[in-house]
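The residues making up each chain are set out below.
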Amino acid sequence: MDKIAFIGAGAMTEAIVKGVIKAELLPAPHIWVTNHANEERLQRMHAVYGVTVTRNQNELLQETDIIILSVKPKDAEQALRSLGVAQLGKQQIVVSLMAGITTAYLESFLPAGQPVIRVMPNTSATILEAATAIAAGTYTDKQQLQLVKRLFGTVGSAVEVGEELMDAVTAISGSGPAYIYYLMEALEEASSQVGLDEDIGKQLLIQTFKGAAAMLEQSELSSAQLRANITSAGGTTAAGIAVLENQNVKAAVKACVQAAAVRSKEMGQAYSK
Ligand SMILES: NC(=O)C1=CN([C@@H]2O[C@H](COP(=O)(O)OP(=O)(O)OC[C@H]3O[C@@H](n4cnc5c(N)ncnc54)[C@H](OP(=O)(O)O)[C@@H]3O)[C@@H](O)[C@H]2O)C=CC1
Ligand SMILES: O=C(O)[C@@H]1CCC=N1
């Protein structure tokens, strides 16, 4: 892999750029970035990360192995129309990060035979801890899939899934960090309410999250068993969990994931031909 190009210079592009540079997958100037209009944002990305920025599409696409579409779904059509008239080589892989947008929709703008891959990473790419799922389009071969898997594998873990699972993946791990941050917000507020200093509370909570995730990863016990091990009869945890049960928190979490998956599907339907 010698050159990758991002179309779109927002939050997700920045997370991946940071990760790729941190992982030393390729030198920063070999990472090319463009956006729609925000020149200041492009110049900042160049100054901070050393990436090459341009608004000349020919230059951006020339000899680029992987072209990453990282615009919002509402801007997909405009970006794809522009890509559709570019003289892409058949070895150039078009990768989309866009929630909901299907490979069939992407392919409909591109010449027949163009390899397309749909991925769903998350913002933890910034610190090489992303969870990414990858689904192949119609014209992608195993080698191309491996190359893209390697790219996203450098910024975290990457798994291949069938495209029919991408809405579910988006609802779980694409949006997932936001659910955890939401829970953290609530726990931080609760920690102040029970009298802890803000910094101490935050430090205790972060380590508690890290420890719990590592326990789940390293022990053979399920999350339910790990929870049971903490919950003494008549103790503090039981008192806390009883409130969560009374307030149907599990049902609310399931409804949250369902809503995100439904929204991903709707977005796919809104942007289909
Ligand atoms: N944020 C997240 O956690 C995740 C996001 N995603 C997906 O990643 C994609 C990007 O999201 P995010 O980074 O948050 O979005 P942002 O709104 O932060 O960034 C969007 C970028 O797209 C650019 N853009 C818009 N239209 C065009 C165009 N026609 N040509 C070139 N660039 C264009 C914008 O440029 P300008 O500023 O100049 O208008 C901007 O740089 C989305 O499709 C989202 O579904 C996937 C996983 C997680
Ligand atoms: O909220 C969104 O639509 C995007 C996709 C996954 C995370 N952010």
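Sequence order sets the numbering: in each chain, residues are counted from 1 along the sequence as written. Here every chain gets a letter starting at A, and every ligand a number starting at 1, in the order they are written. With the structure being a predicted model, the display of local features is reserved for residues of pLDDT at least 70 and the display and counting of side-chain atom pairs for 80 or more, all residues being used for whole-chain, interface and lining totals.

- You'll find the protein chain entered in an unreviewed UniProt entry as Pyrroline-5-carboxylate reductase, with Terribacillus aidingensis given as the organism.
- UniProt positions are given in the numbering used here, feature names are shortened, and annotations may be inferred rather than shown by experiment. Checking UniProt for the protein chain, the heading Function (unreviewed entry) contains the comment "Catalyzes the reduction of 1-pyrroline-5-carboxylate (PCA) to L-proline."
- What the UniProt record of the protein chain gives under Subcellular location (unreviewed entry) is the line "Cytoplasm".

1. Section: the sheet that holds strand β2 (residues 31–34)
Strand pairing in a sheet relies on backbone hydrogen bonds, with the paired strands running either antiparallel or parallel.
Thinking step 1. Any two strands with at least two DSSP-identified bridges between them are counted as paired. Secondary structure elements follow DSSP: runs of H or I no shorter than four residues count as helices, runs of E no shorter than two count as strands, and numbering proceeds from the N terminus. The mixed open sheet is built from eight strands, whose spatial order is β3-β2-β1-β4-β5-β6-β7-β8. With partners counted over all chains shown, the strands left at the sheet margins are β3 (52–53) and β8 (156–160), one partner each.
Thinking step 2. Two strands pair when backbone bridges link them, and strand β4 (residues 66–69) and strand β5 (residues 93–96) are joined in this way by four bridges, in the parallel orientation. Across the sheet, residue Ile68 finds its bridge partner in β5, namely Val95.

2. Things to note about helix α6 (residues 142–153)
Thinking step 1. Helix span, as expected, comes to 1.5 Å for every residue beyond the first. When the terminal C-alpha atoms of α6 are compared, their 16 Å separation across 12 residues agrees well with the 16 Å that a helix rising 1.5 Å per residue should span.
Thinking step 2. Considered for burial, the residues of α6 that qualify are Gln144, Val148, Leu151 and Phe152. Buried positions in α6, seen along its axis, are confined to an arc of 90 degrees and lie on one side of it. The exposed set on the far side of α6, more than 90 degrees from its buried face, consists of Lys142, Gln143 and Arg150.
Thinking step 3. Note that contacts rest on C-beta atoms placed from the backbone: two residues are in contact if these are within 7 Å. For α6, the elements touching its buried residues are β4, β5, β6 (116–120), β7 (130–136) and β8. The exposure label follows from counting other C-beta atoms within 10 Å of a residue's C-beta, where the C-beta atoms are placed from the backbone and the thresholds are 20 or more for buried and 12 or fewer for exposed, leaving partly exposed in between. Each direction from the helix axis to a C-beta atom contributes to the arc, which is the arc of those directions.

3. A few points about the domain arrangement of the protein chain
Thinking step 1. Its domain assignment divides the protein chain into domain 1 (4–165) and domain 2 (176–266).
Thinking step 2. Each of domain 1 and domain 2 has a C-alpha centre, and these two points are 33 Å apart.
Thinking step 3. With five residues of domain 1 at the interface, the matching set in domain 2 holds four residues.
Thinking step 4. When residues are sorted by character, Ala, Val, Leu, Ile, Met, Phe, Trp, Tyr, Cys and Pro go into the nonpolar class, Asp, Glu, Lys and Arg into the charged class, and all the rest, Gly among them, into the polar class. Across the side of domain 1 that touches domain 2, the residue classes tally to one nonpolar, four polar and no charged. Each domain's limits were defined by an automated method or a database of domain assignments.

4. A closer look at the UniProt feature "domain: Pyrroline-5-carboxylate reductase catalytic N-terminal" (unreviewed entry) in the protein chain
Thinking step 1. When the UniProt feature table is mapped to this numbering, "domain: Pyrroline-5-carboxylate reductase catalytic N-terminal" (unreviewed entry) covers residues 3–100.
Thinking step 2. When the span residues 3–100 is considered, its composition is 38% helix and 18% strand, and the gap between its end C-alpha atoms is 27 Å.

5. With respect to the site of ligand 1
Thinking step 1. Nearness is defined per residue: the C-beta atom, placed using the backbone, must lie within 6 Å of the molecule or strand. Taken together, 28 residues form the shell around ligand 1, and within it Gly8, Gly10, Asn35, Asp75 and Ala99 come nearest.
Thinking step 2. Looking at the shell around ligand 1, the elements with two or more residues in it are α1 (11–22) and α4 (76–84).
Thinking step 3. Looking at the shell around ligand 1, the element that brings in the most residues is α1, giving three residues.
Thinking step 4. For the shell around ligand 1, the class distribution of residues is 13 nonpolar, 12 polar and three charged.

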